[in-house]
Amino acid sequence: MSEPFNPLQIGLLNLTDEEIEDGLISELDFQLHSPPRLSVDPGVTLFEEEQLLNGIWILLEGQVELYRRIKGEKIIFHSRTTGRILGLIALARNSRAVFSCTAKTPLKLLRVSNQELDTALQQSDTLRNLLISVLLQSMGRRQKRLIELQEEVLQLNKEIAAEHEQVVQTLDELQKAQAMLVESEKMATLGQLSAGVAHELNNPVAAIIRASDFVHKDLLTLSSRMADGHGLQDILERSFHSESVSTRTQRVLRKELAKETADTELAERLVKIGIHHTAEYRQLTADVSGSPEEQLEKLELYHQIGSALRNISSCAERISGIVQSLRSYIHADSPDSEYIAVQKGLDDTLLLFSNRLRNVEIEKEYEPIPEIIANAGELNQVWTNIIGNALDAMDNQGKLIVKTRRIDEASIAVSIIDSGPGIAPENLQKIFQLRFTTRKGRVDFGLGLGLSITRSIVTRHGGTIEVASAPGRTEFTVTLPVKGPAEQVRSSSQENAS
Amino acid sequence: MKKIAILCVEDEPEVREAVIRDLQPFAAAFRIEAAEDVADAREVLQELAEEGVALGLALCDHMMPGESGVEFLVSLQAEAAYQGARKVLITGQAGLEDTVRAVNEAQLHHYIAKPWQPDALAAVVKEQLTEYVIGHADDLKPYVAVLDGARLMTEIAKHAADK
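Residues numbered from 1 in each chain as written. Chains lettered and ligands numbered in written order. Predicted model: local features only at pLDDT ≥ 70, side-chain atom pairs only at ≥ 80, totals over all residues.

The helix and strand tally for chain B stands at seven helices and five strands. Out of the 163 residues belonging to chain B, those deemed buried represent 37%. Put simply, 62% of the contacts in chain B that link residues at least 6 apart link residues at least 24 apart. (Helix = DSSP H or I, 4+ residues; strand = E, 2+ residues; numbered from the N terminus. Buried ≥ 20, exposed ≤ 12 C-beta atoms within 10 Å, placed from the backbone. Contact = placed C-beta atoms within 7 Å.)

Shown next as C-alpha cells:
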C-alpha cells in the first residue's frame, strides 16, 4: 500500500470516460497478465437481472443489449448507461445484476472475477485510483441521467395531463355530435314517415271529396224526380252552402222564432235546420207533401244530408290542407338547397302548430323579402324549434309575433317574438348549449337539443341567431344570407359532416 | 217540459253537429244544448237555470279557445248546483296531466277518445244519465224508454215497495 487515493490530484477525473476506461482496462489486463479473451456470439445472454455476478465483464469489442423485464415487458436501456465495464453497480449490490445483458454483435470480452479484481486492486494503486474514478464517473453519469429522467417524467406527466384533457374534451364533443346525429336521424325518419303518411292520405282524401260530391249530385237528381222534390232540393242546397251559425246566435234566433210560432219545440227544430222565420218555412214547405209533421221531418232529413255533405267536404278540405302543409314542410320532393320562400315555411310551420295556437294571438308582420337559397326542410326545423320553445314558454297562450324583413341586398331577418315570462339573464348564454332545458322533469319531445341544432343549422346556412329577452317579450332573430352560405362556410360544414 | 239537459261543449262546428246528432236518441226525454266554448256554456247554464232546467250531463271537449274543457268541469264541481251533474270528456287532445286533474278535481265520470263510435257514445250517455236520473229525478217513468229501462224499472219497483 503506497500513496493514498487522490484522483483529483493526479488529474484522473479530468480525463474522458473513454480514457479512464481504457486506462483501467489496460492496467487490469497488465495486472492479471493478459487473461484469455472470451468470444461470444450474438444472441447469447451473458447474465440475467438479479443474477449473482461475482465479478465484472469488460467489453473489448462489440455491442450488448441491456434490458429489464417489467411486468413481463422487455424494457431496453441505452448501452451508454453502463459504459464498457459491465457489473460495476452489481459490485455495490451484493454482486446482483441490475440488467440482463445479451450480445447484440459478436463480442470480445474479458471476465474478471471478484477475487481477481481484489488481488489486482491490492497490487496496483493506479488500478484502484482508476476504478474509483470509473465508479465516480459512472455515478455522476447515472446521477445526471436520473435528474434528466425526472425532468422527462415531469414533462411526460404534463403532456399526459394535457392529452387527458384533450381526450375528455373530444369525448364530450363526440357525445354531443352523437346526440345531434341521433336527433337529426330521428327527425329524418320522422320526416320520411310523415311524407309517406301524407302521401298515403292524399288518395283517400281525394276519394272522400269526390264521393261526397257524387252523393250530393245523385241526391239532387233523385229528388228532382220526386213530386215534392223542389222544396227539398232547396233546403239541401241551403244547408250545404250555409255558413255554420254560432251556438249563441242560434239561441237568440230560437227565442225570436218562438215568439212567432208560440211553440218552443217547433222553433228549436226550425232554427236547427236553418229556418229563422215562419214565412221562410211556409215557402219551403209549399210543395212538400204530407202532414205538417211529415213535412218538417222531410225538411230535417234533407237539412241533415246537406249539412253532413258540407261537413264532409269542409273537413276533407282541411285534411287536404294539412297534408299539403306537411308535405311542403318536410319538403319531401325538393333538392338540398334551392330558392325558397321563407314566409311560406313560417306559414306551414304555424299551420302544423295550430292545435297549440287556439289561445295564441298571431301577428304576422311580413315585409316583402326575396326568396333565399337554403334547405327548406332544415329551415322549417329552425322555425319549429323556435316557435315550439316560444309556445312552451307562453304555456300556449299569449301573443306571438312573426316578422320578416330585408336587412340589405345580401341578407334577410326573421324575428319570432313571444309574450312569455322571458329567459333569465343567467340562462341567456346557455340556451344554445346542448341539453340545456328548463322543461324540468317533463316528458316532451326533444332532449334539449332543439336550440343547439337550430344554431348549427343557421350557422351552416351562413346565418346568425340572436336572442334578446325581457319578461313579456323574448325575441329570437335569425339572419340569413339571400345567396346561401359563402363558399368557405359550406366547405367547412361539409368537412364537419364527413 | 223537459227538466234535464245535456250540454255539449265543442268548438269545431262540424264535430259539434255530429255529437249533437248522435245524441238525438235522447232528445225525446232531454233538452240538448250546444255551446262553442266555455263562456258560451256558462251562458247556456244561466238560461237553463232561469228556465228551471237541471244539468244532467256535461259532454266536453278539452282543447278549446279560452278556458279548457277540464277547467270548465273543475269549475262545475265547485258549484253545488252542478256537483251532481255527470261529467264526460270527449277529446283527442287531453294529456295525462289534464285528465288526472279532471278525475281528481272534477270527479270525471267518463273519458271518450276521438274519433268516437256512435254506439259507444250512446252507451256512455245512457249509463251516465241513468245514474243521474236515479239520483235526482222525482219521476223515473219518462226516462224508461230512452235510458236503461231495466234498471229504472227496478228502481221504480223499489220505491213503490218502500212506500
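Let us now look at the interface of chain A and chain B. Listed by partner, the interface residues are twelve residues for chain A and 14 residues for chain B. Elements represented by at least two residues in the side of chain A that touches chain B include exactly helix H6 (247-261) and helix H9 (292-330) of chain A. Per element, the largest residue contribution to the side of chain A that touches chain B is five residues, and it comes from H9 of chain A. Split by residue class, the side of chain A that touches chain B holds one nonpolar, nine polar and two charged. (Nonpolar A, V, L, I, M, F, W, Y, C, P; charged D, E, K, R; others polar.)

A few words on the sheet that holds strand E8 (residues 107-113) of chain A. All names here are of chain A. Across the sheet, four strands lie side by side as E1-E8-E3-E6; this open sheet has antiparallel pairing. Single-partner strands in this sheet number two, and they are strand E1 (38-40) and strand E6 (85-86). Inspection of the sheet shows strand E3 (residues 55-61) paired to E8 by six bridges, in the antiparallel sense. When the bridges of E8 are listed, Trp57 appears paired with Arg111. Contacts from helix H3 (residues 114-123) reach E3 and E8 within the one sheet, and its direction differs from that of E8 by about 75 degrees. (Pairing = 2+ DSSP bridges. Axes fitted to C-alpha atoms, helices over the stretch in contact; angles between N-to-C directions.)

Glancing now at the sheet that holds strand E4 (residues 64-70) of chain A. Residue and element names in this part refer to chain A. Across the sheet, which stays open at both edges, the four strands sit in the order E2-E7-E4-E5 with antiparallel pairing between neighbours. Strands at the two margins of the open sheet, each flanked by one partner only, are strand E2 (45-47) and strand E5 (73-77). In this sheet, adjacent strand axes meet at a mean angle of 35 degrees when their direction is disregarded. By the bridge criterion, two bridges tie E2 to strand E7 (residues 100-103) in an arrangement that is antiparallel. Its bridge partner being in E7, Thr45 is matched across the sheet by Thr102.

On to the confidence of the model for chain B, then. Here chain B averages 92 in pLDDT, while 100% of its residues score no lower than 70. In the predicted assembly, ipTM is 0.80 and pTM is 0.63. (pLDDT = per-residue confidence, 0-100.)

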